[in-house]
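# Observations on the model geometry
Given next are the chains, with one letter for each unit.
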Amino acid sequence: MALRIVLLGGPGAGKGTQAKLLADAHRLPHISTGDIFRAHLSEGTSLGGKVRQYLDAGQLVPDDLTCEIVADRLAQDDCRDGFILDGFPRTLAQAEQLEKTLAERNEALSAAINIEVSDDEIVERLAARRSCPKCGKIFNRKFSPSTRGEFCDNEECDGVKLIQRSDDKEETIRERLRIYHENTEPIIEYYRQQGLLYSVSGTGSTPEDVFQQIESVLDRLDAP
Ligand code: AMP
């Protein structure tokens, strides 16, 4: 059965971490709009130039631009058996456009999984978040530090220094949270009404605990 999954949750809820675990476990592509935008920024493409101002301010990139990028990515061969979408959709318009894009190919989402975390925990987590600029692995100085301190513990990275995302500064975190509540939270209701919403608790849980909760949801989808 094709698994077409959307991961929902505030900034820092653990969507990226869970998306990676799910993508590995189910051999599906992990599609993160944030990662796509950041790659364009660091490569200095024209798209990168268009989106920089939004990412720096913690604001949403316009829907038309974002939806076009996702539609192009979903049209690639590796998405035929499913995908894990991380950070998209983030507005109702994006959710509606995603439904249309899939319907044009006689496809539909399997589930929208919402990782629930309180605002206070989000602020605490994001300020301590670090990632490897080479392999993308995400660490947290407080909750899941690298075994090599400030350096990536992935052998292939050979001691690359971990970095903090420029939008993980406290002021930008608050703006991203405000935008999340205003624009993204309404999507939860949209998917609930479609019978696609499943919630898991991300508060006080280890990434492995959250992953197990998500896997139980996916097992239930498989059940006849
Ligand atoms: P993320 O890595 O998912 O936290 O995304 C980082 C930033 O990329 C966001 O703060 C937005 O500026 C932009 N972004 C990522 N996904 C979207 C989206 N679906 N719609 C609009 N902007 C997005």
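Scroll up a little and you will see the structure.
Read across the open sheet, the five strands follow the order β2-β3-β1-β4-β7; overall the sheet is parallel. Two strands close off the open sheet at either side, each with one partner strand: β2 (30-32) and β7 (197-201). Put simply, the sheet's adjacent strands are angled 25 degrees from each other on average, direction ignored. Relative to strand β3 (residues 82-86), strand β1 (residues 3-8) is paired through five bridges, and the arrangement is parallel. Looking at β3, one finds that Ile-5 is bridged to Ile-84. Against the sheet, helix α2 (residues 33-43) makes contact with β2 and β3, and its axis sits at roughly 65 degrees relative to β2, the strand it touches most. Packed on one face of the sheet, helix α8 (residues 207-222) meets β1, β4 (111-116) and β7 and runs near 155 degrees to β7.

Take helix α3 (residues 46-57) next. Here α3 has its buried residues at Leu-47, Gly-48, Val-51 and Leu-55. For α3, the angular spread of the buried residues around the axis is 85 degrees, confining them to a single face. In this structure, α3 carries Ser-46, Gly-49, Lys-50 and Gln-53 as exposed residues pointing more than 90 degrees from its buried face. Packing partners of the buried residues in α3 comprise α2 and α4 (63-74). One or two positions beyond α3, positive phi appears at Gly-58, with a value near 75 degrees.

Cis peptide bonds are those with omega within 30 degrees of zero, and the linkage from Phe-88 to Pro-89 qualifies with 0 degrees. With respect to the helices and strands, Pro-89 occurs in the loop between β3 and α5 (92-103). One non-glycine residue, Arg-27, lies in the positive phi region at around 50 degrees.

Moving on: the pattern of salt bridges. As enumerated under the stated definition, the model contains 17 salt bridges in all. Of the charged contacts in the structure, one is a salt bridge between Glu-121 and Arg-125, with a shortest N-O distance of 3.0 Å. Linking Glu-121 with Arg-125, this pair stays in helix α6 (residues 119-127), spanning four residues, or about one helical turn. Across the pair, Arg-125 and Glu-121 agree in class, each one buried. Bridged by salt links that share partners, the residues Arg-129, Arg-165, Asp-167, Asp-168 and Arg-176 form one connected network.

Criteria and cut-off values
- Residues numbered from 1 in each chain as written.
- Predicted model: local features only at pLDDT ≥ 70, side-chain atom pairs only at ≥ 80, totals over all residues.
- Heavy atoms only, no water.
- Pairing = 2+ DSSP bridges.
- Helix = DSSP H or I, 4+ residues; strand = E, 2+ residues; numbered from the N terminus.
- Axes fitted to C-alpha atoms, helices over the stretch in contact; angles between N-to-C directions.
- Contact = heavy atoms within 4.5 Å.
- Buried < 20%, exposed > 50% of the residue type's maximum accessible area, 1.4 Å probe, protein only.
- Arc of directions from axis to C-beta.
- Salt bridge = Lys/Arg side-chain N within 4 Å of Asp/Glu carboxyl O.

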